[in-house]
Amino acid sequence: MSLAVITDPDWGWLSIRLRWKRHLPAYVNDLTWFDLEHFGGWEKRVPYVRRFKWLRSALEGRRAARRAYARGHRTMLVATLQYAPLFPLMKDVRYFIYGDATPRQYDNLYCEEYDDRLRKRSMRARYRRLAQAGHHMLCMSPWYRDGLIEHYGVRKEQTTILRPPIDVEAWQPNPRKDQAKLNLLFIGGDFHRKSGDMLLELSNDPRFAACRWHFVTGHQGRNNERCTFYNRLQADTPELRKVVESCDLFVMPTKADCSPLAAIEAGAAGLPAIITDVGGISDIVETGVNGVLIPRPHRCEVEEALLEYLTDPQKLEREGVNARKRVEERNSIPVHMAILKELLS
């Protein structure tokens, strides 16, 4: 079987691409990669049109799919759904489309209100055509799968839960070095959306004097005895893993997220999580098992959860073990690739 892999260069999807490129060749022999940033056209040169990312993504996806078809590929693995609305629907082609949220779910998360303008109704009709043609949807979470079923009429048997791949062996839990201190980890490029500003204020609270805060972010903050900022760390690097593995607890009271890789990678390093129950996060963290899901990104919710860990060291240890085990069972490279191999064959 020959396989075309069409991949998104944005955000956490770049990490998915890198992991696929590293591991897929061991499971699929005949692979051709189509990186979507190489398929821009006239829309990037026209100033007015250039600002419409939805249109640029759809056109890039269409060009990549056509190129793959012209090269003889009839099975295509695609990330993500946002690149698929203009895909050519040939009878001899099968698309496997990986995603983390429908456009409507994105709107509900990030825009608060859903705007049902003509363009979105047109895109919705095109996604429905993909579903009606029988193409398969790979879902990072049950939340995303439910959105596909509700918004586009995708049948449940057209979907497969495929959680993000994590190279578990690269992330190793470390014993807690200082029982008197609690090292807390925040990771987020969008400092304010993920409530890094609230955590920065919380770091000054005398009730949490035993906490040391580690902020992996682009936000320029001032280092002091309680807070350290890491502004230059890149995903999938030993430097990032070293910081994550030096911490005890992951804290991210985000206002909007889908299935954040940072929370899963922290779990692989044995860190329980305090995180908001939005998007597909409830599939990553379960309260009392590997962390605490807070209902809202409010300071009082974070304070209450933090105090639980400060007063109960056994809870931190127990849930850290569970966090690692959960990632091993659900996100490891062999698990992820076995699901893909079965589907594609």
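Residues numbered from 1 in each chain as written. Predicted model: local features only at pLDDT ≥ 70, side-chain atom pairs only at ≥ 80, totals over all residues. Heavy atoms only, no water.

**Some details on empty space enclosed by the protein**
Empty space among the atoms can be located by rolling a probe the size of a water molecule over them.
Here is step 1 of the chain: For the structure shown, the criterion picks out one cavity of 30 Å³ or more.
Here is step 2 of the chain: One number sums up the size of the largest cavity: a volume of about 160 Å³.
Here is step 3 of the chain: Ile264, Asp283, Ile284, Arg326 and Asn331 are the residues nearest the centre of the largest cavity, which is lined by 21 residues in total.
Here is step 4 of the chain: Listing elements by their share of the lining of the largest cavity, those giving two or more residues are helix H9 (261-268) and helix H11 (313-330).
Here is step 5 of the chain: Among the elements that take part in the lining of the largest cavity, H11 stands out by supplying four residues, more than any other.
Here is step 6 of the chain: For the lining of the largest cavity, the class distribution of residues is 11 nonpolar, six polar and four charged. (1 Å grid on protein atoms, 1.4 Å probe; cavity = no way out; pocket = protein on both sides within 12 Å on 5 of 7 lines; lining within 4 Å. Points joined across faces, edges and corners; volume = space filled by probe spheres on them. Helix = DSSP H or I, 4+ residues; strand = E, 2+ residues; numbered from the N terminus. Nonpolar A, V, L, I, M, F, W, Y, C, P; charged D, E, K, R; others polar.)

**Some thoughts on the nonpolar core**
Here is step 1 of the chain: Formed by 74 residues in total, the largest nonpolar core has its most connected members in Trp20, Phe250 and Leu306.
Here is step 2 of the chain: Among the elements that take part in this core, H9 stands out by supplying six residues, more than any other.
Here is step 3 of the chain: Ignoring anything within four residues of it in the chain, the contact list for Leu306 reads Leu182, Leu184, Leu202, Phe208, Trp213, Leu249 and Ile274.
Here is step 4 of the chain: Of all hydrophobic cores here, the second largest spans 28 residues; its members include Phe34, Ala65, Leu148 and Tyr152. (Core = buried A, V, L, I, M, F, W, Y, C linked by side-chain atoms within 4.5 Å. Buried < 20%, exposed > 50% of the residue type's maximum accessible area, 1.4 Å probe, protein only. Contact = heavy atoms within 4.5 Å.)

**Notes on the sheet that holds strand E1 (residues 2-7)**
Strand pairs in the sheet, formed through backbone hydrogen bonds, run parallel or antiparallel to each other.
Here is step 1 of the chain: Strand order in the open sheet formed by six strands is E2-E1-E3-E4-E5-E6, with parallel pairing between adjacent strands. In this open sheet, the two strands that pair with only one neighbour each are strand E2 (30-35) and strand E6 (159-161). Neighbouring strand axes in the sheet, compared pairwise and without regard to direction, differ in orientation by 20° on average.
Here is step 2 of the chain: With respect to the sheet, helix H6 (residues 142-152) is in contact with strand E4 (94-99), strand E5 (136-139) and E6, its orientation differing from that of E5 by roughly 150°. (Pairing = 2+ DSSP bridges. Axes fitted to C-alpha atoms, helices over the stretch in contact; angles between N-to-C directions.)

**Let's talk about a nonpolar patch on the surface**
Here is step 1 of the chain: Together, Trp42, Val46 and Tyr48 make up an exposed nonpolar region whose accessible area comes to about 310 Å².
Here is step 2 of the chain: Its location among the elements puts Trp42 in the loop between E2 and helix H2 (47-50).
Here is step 3 of the chain: Classification of Trp42 as partly exposed rests on a relative accessible area of 42%. (Patch = residues over 30% accessible without salt bridge, like charges linked within 9 Å, V, L, I, M, F, W, Y side chains within 5 Å. Areas by Shrake-Rupley, 256 points an atom, 1.4 Å probe, with all protein chains shown as cover. Salt bridge = Lys/Arg side-chain N within 4 Å of Asp/Glu carboxyl O.)

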